[in-house]
Amino acid sequence: MSTIRTRIAPSPTGFLHIGTARTALFNYLFAKKYGGTFVLRIEDTDIERSEKKFEKDIFEGLKWLGINADESPENKGLYGPYRQSERTQDYSRAIRKLLVEEKAFYCFHTEQELEQEKDELMAAKKPILHVCEYRTLDRKEAEMLTQTKPNFIIRFKTPIGRMISFNDLIRGEVAFESDLLGDFSIAKRVDAALYNLAVVVDDEAMKISHVIRGEDHIANTPKQMLLIEALGFSLPMYAHLPLILGKDRSKLSKRHGATSIIEYREIGYLPEALFNFMALLGWNSGTAQEIFSRDELISQFSLEKVQKSGAIFDVTKLDWMNGEYIRKMPIEELTRLCMPYLTKAHFIHTQSNDYVEHVIALEQPRLKKLSEITEKVDYFFKESAYDKELLRWKAITDDEIRESLNMAINLLQENQEKNITEIERIFLEQASVMGDRGKFLWPLRVALTGKKNSPGPFEIIHILGIKEAIERLIRAINA
Ligand code: GLU
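Going along each chain's sequence as written, the residues are numbered from 1 onward. Two thresholds apply to this predicted model, a pLDDT of at least 70 for residue-level local features and 80 or more for giving and counting side-chain atom pairs, whereas whole-chain, interface and lining totals are computed over all residues. Each side-chain value is derived from all of the structure's non-hydrogen atoms; neither hydrogens nor water enter the calculation.

**Student:** How would you explain the overall build of the protein chain if you had to name every residue and give the values?
**Tutor:** Only DSSP runs of H or I with at least four residues qualify as helices, and only runs of E with at least two residues qualify as strands; both kinds are numbered from the N terminus onward. Helix and strand content of the protein chain: 19 helices and 12 strands. Its C-alpha radius of gyration of 32 Å places the protein chain more than 25% over the 23 Å reference for a compact globule of 479 residues. Split into buried and exposed, the 479 residues of the protein chain put 50% on the buried side. Residue pairs at least 24 apart in sequence account for 75% of intrachain contacts in the protein chain once pairs closer than 6 positions are excluded. All accessibility values rest on the Shrake-Rupley procedure with a 1.4 Å probe; residue burial counts only the protein chains present in the view. Here the protein chain has roughly 23500 Å² of accessible surface; of this, 51% comes from carbon and sulfur atoms. Just so you know, the count uses Lys and Arg for positive and Asp and Glu for negative, and it drops His and the chain ends. Charged groups are reduced to one reference atom each: NZ for lysine, CZ for arginine, CG for aspartic acid, CD for glutamic acid. Between the averaged position of the 67 positive side-chain charges in the protein chain and that of its 72 negative side-chain charges there is a distance of 2 Å. Within these notes, the globule rule equals 2.2 Å times the number of residues to the 0.38 power, and the radius of gyration is based on C-alpha atoms. Buried means the residue's accessible area, taken with a 1.4 Å probe over protein chains only, is under 20% of the maximum for its type, while exposed means over 50%, and partly exposed covers the values in between. Whether two residues are in contact is decided by their heavy atoms: any pair within 4.5 Å suffices.

See the structure below:
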């Protein structure tokens, strides 16, 4: 295969979206698999809607995910500029060439006229497209008209009666009739290119070999192919990825939860887990394997195994996968990642790092998202307020609760010097003497944690220390 060059071309008009990140990932995996180059280019032709803060978020989000571009605005290669706003001259040259060769023309229709035409087409149930009367106007005449009618746009003179087809690497043969495209717009002025024109000029200048992008762009492909032909550029290969859908099979949106990478980061998903999860949004290896390392994904990825139908975003699966990655993480690392959440919750004062590590280690087997850590371990950092009724096991009386807690205090005091395994053994013996284990152990655990669900009482006593444990039991009795 010739040199593979792929690209992700986001518009900096919003925070890095999960769909864009998935497209970036597939481009990245494909390029890496074949020893190619993955390019990041910023499509900021829409100056009003583009913002630097979004550009920065896109750079940071991709880096956080480990989808590192070989060439980008920050890391320029030989095929720059890597921002559309810096390539205006190239676009103007292409627009002029098309105008001179009469493959494009000036359109002087007003917005109202175009709106009216659209309404009429809709009413007549005809396809919405604009075949422009100005396409046959003499160029010299049109140029003169631009002086008196400055609100023109430039359109492509779409050939009549052509079939435009390409072999999509995911979908196979895809064909469009040129008569259904209309004379589409390519620029607002000679120095203000629009999307289709700019993309084609960029892809040529950047020697992009494979255009891998979302299915929502499939209708742009025949337009871009016509422009490529008209400009004498080389045609890339195309692959259109399935849309990402929510569980209800509608297009993924805010309604389904977080959609931007920054939100996933804040909720406490790990970049490795998200990387793995996104790779499965439309691709599968053909085996039951779900957890893949970065290298495995690079070596196993192929466009042939990308599905045509929508990819369902299952957040329960993401949570499970994130938990799997959390469990594989060294405890020091996990503690470091949990720290910002604990600090934000004002939990961290004078506790030693060892103490915090023990607390985190206790939840490591169950944790799904880093942000959950605060509500899971709050009782290690502060006295938790809880409903006193929670202390009651089944229908035992207040006296029985008190008796259980007193018994626990006594056993702890008597066995202060023993290690936690022995203490556990002594408590369990006592529990079986009492017949109903819950009667003894439930009030104990609730008095320590204030929670319905938590790890077992002995692991907690071990971390809290006997003194603090006894104090909590006394407080429960007094309550
Ligand atoms: N800028 C386009 C977008 O953000 C991508 C264009 C393309 O991939 O051709 O959807």
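**Student:** Describe in detail the side chain of Gln84, supporting the description with residues and values.
**Tutor:** Turning to its location among the elements, Gln84 is positioned in the loop between α2 (52–65) and α3 (88–100). Any pair of nitrogen or oxygen atoms within 3.5 Å is treated as a polar contact; in protein, a donor-acceptor pairing is required on top of that, and neighbouring residues in sequence qualify only through side-chain atoms on both sides. Engagement of the side chain of Gln84 in a polar contact is seen with the side chain of Thr45, the distance being 3.4 Å. The residues touching Gln84, leaving out its near neighbours within four places in the chain, are Arg41, Ile42, Glu43, Asp44, Thr45, Tyr91, Ala198, Val199 and Asp202.

**Student:** How would you explain helix α16 (residues 420–433) if you had to name every residue and give the values?
**Tutor:** Each full turn of the α-helix corresponds to 3.6 residues, which orients residues three or four apart in the same direction. The end-to-end C-alpha distance of α16, which contains 14 residues, comes to 20 Å, matching closely the 20 Å that a straight helix rising 1.5 Å per residue would cover. Along α16, the positions that sit buried rather than exposed are Ile423, Ile426, Phe427, Gln430 and Ala431. All buried residues of α16 project into a common sector of 140° when viewed along the axis, lining one side. Across from the buried face of α16, at angles greater than 90 degrees, the exposed residues are Thr421 and Ser432. With a side-chain oxygen lying 3.1 Å from the backbone nitrogen of Thr421, the N-terminal cap of α16 falls on Asn419. Take the number of residues in a helix, subtract one, and multiply by 1.5 Å to get its expected span. To obtain the arc, one takes the directions from the helix axis to the C-beta atoms.

**Student:** Summarise the environment of Leu390; cite the residues concerned and give the values.
**Tutor:** With respect to the helices and strands, the residue Leu390 is situated in the loop between α14 (373–377) and α15 (398–414). For Leu390, a relative accessible area of 23% gives the class partly exposed. C-alpha separation for the pair Leu390 and Lys451, spaced 61 residues apart in sequence, amounts to 7.9 Å.

**Student:** Account for the site of the ligand, naming residues and giving values.
**Tutor:** Put simply, a residue is near a molecule or strand once any heavy atom of it comes within 4 Å of that molecule or strand. Around the ligand, the structure places Arg7, Ala9, Pro10, Ser11, Glu43, Tyr195, Arg213 and His217. One of the side-chain N or O atoms of Arg7 is found 2.6 Å from an oxygen atom in the ligand. Notes on the ligand: free accessible area 300 Å², of which the protein chains cover 79%. Split into classes, the residues belonging to the shell around the ligand amount to three nonpolar, two polar and three charged. Under the grouping applied here, Gly and all other residues not named as nonpolar or charged are polar, the nonpolar ones being Ala, Val, Leu, Ile, Met, Phe, Trp, Tyr, Cys and Pro and the charged ones Asp, Glu, Lys and Arg.

**Student:** Which residues make up the packing of α3 against helix α6 (residues 195–205), and what values do they have?
**Tutor:** With their axes 10 Å apart at the nearest point, α3 and α6 run at an angle of 110° to one another. Considering their axes alone, α3 and α6 lie roughly perpendicular with respect to each other. α6 is crossed by α3, and the crossing has right-handed handedness. Residues Asp90, Tyr91, Ala94, Ile95 and Leu98 of α3 form the contact with α6, whose participating residues are Leu197, Ala198, Val201 and Asp202. Taken together, the residues of the contact of α3 with α6 break down into seven nonpolar, no polar and two charged. Simply put, an axis is a line fit to the C-alpha atoms, just over the touching stretch for a helix, and the angle between two N-to-C directions goes from 0 to 180 degrees. Angle categories are assigned with fixed cut-offs, so that under 35 degrees is roughly parallel, over 145 is roughly antiparallel, 65 to 115 is roughly perpendicular, and the rest are oblique. Two helices crossing with the near one rotated counterclockwise from the far one by less than a right angle form a left-handed crossing, whereas a clockwise rotation gives a right-handed crossing.

**Student:** Got a sec to walk through the nonpolar core? Specific residues and values, please.
**Tutor:** Core analysis: the largest hydrophobic core is formed by 102 residues, its most contacted members being Ile67 and Phe380. Among the elements that make up this core, the one with the highest residue count is helix α1 (residues 18–33) (nine residues). Residues in contact with Ile67, not counting those within four places in the same chain, are Ala21, Ala24, Leu25, Tyr28, Phe38, Leu62, Phe275 and Met278. Nonpolar core, defined: a set of buried Ala, Val, Leu, Ile, Met, Phe, Trp, Tyr and Cys residues in which side-chain atoms within 4.5 Å join the residues together. Within the second largest apolar cluster, 42 residues are counted, among which are Leu99, Tyr134, Phe166 and Ile218.

**Student:** Can you tell me about α2, naming the residues and giving the values?
**Tutor:** Relative to the 20 Å expected for 14 residues at 1.5 Å per residue, α2 spans 20 Å between its end C-alpha atoms, a close match to the ideal helical length. Among all positions of α2, only Phe54, Glu55, Asp57, Ile58, Phe59, Gly61, Leu62, Trp64 and Leu65 are buried. Here the buried face of α2 lies against β1 (5–8), α1, β2 (37–40), α8 (261–267), α9 (271–279) and α10 (294–300). Following α2 by one or two positions, Gly66 has its phi on the positive side, about 80°.

**Student:** Describe the pairing of β1, listing the residues and the values that go with them.
**Tutor:** The two faces of β1 match: Arg5 and Arg7 on one face and Thr6 and Ile8 on the other face are all buried. By this definition, two strands are paired if DSSP reports at least two bridges between them. Across four bridges, the pairing between β1 and β2 is parallel. Its bridge partner being in β2, Ile8 is matched across the sheet by Leu40. A crossover connection joins β1 to the parallel β2 through α1; in handedness this β-α-β unit is right-handed. Note on handedness: a clockwise path from strand one over the helix to strand two, with the strands aimed away from the viewer, defines a right-handed crossover.

**Student:** How would you sum up the side chain of Glu363? Please name residues and give values.
**Tutor:** Along the chain, the position of Glu363 falls in helix α13 (residues 353–363). In this structure, Glu363 is in contact with Ile373, Lys376, Val377 and Pro455, ignoring residues within four places of it in sequence.

**Student:** I'd like a description of the packing of aromatic side chains, backed by residues and values.
**Tutor:** When the centres of two rings from Phe, Tyr and Trp lie within 6.5 Å, Trp using its six-membered ring, the rings pair. Their planes under 30 degrees apart give stacked, over 60 give edge-to-face, and anything left gives tilted. Taken as a whole and judged by the stated rule, the model has 23 aromatic pairs. Judged by centre distance (6.0 Å) and plane angle (50°), the ring pair of Tyr264 and Phe313 falls under tilted. Here Tyr264, found in helix α8, pairs with Phe313, found in the loop between β12 (311–312) and α11 (315–328); they are 49 residues apart in sequence, far enough to count as distant. The interplanar angle of 65° and the centroid separation of 5.6 Å between the aromatic rings of Trp283 and Phe292 together place this pair among those described as edge-to-face. Assessed through its relative accessible area of 2%, Phe292 is described here as buried. In textbook terms, an aromatic cluster arises when at least three aromatic residues are bridged by ring pairs, as seen for Phe347, Tyr355, Tyr379, Phe380 and Phe381. The criterion is that NZ of a Lys, or CZ of an Arg, lies within 6 Å of the ring centre and within 35 degrees of the ring normal, and then a charge sits over that ring. Across from the ring centre of Phe26, 5.3 Å away, lies the NZ or CZ of Arg22, which sits over that ring. Just above the ring of Tyr325 sits the side chain of Lys328; from NZ or CZ to the centre is 4.5 Å.

Function cannot be inferred from these measures alone, as they are strictly geometric.
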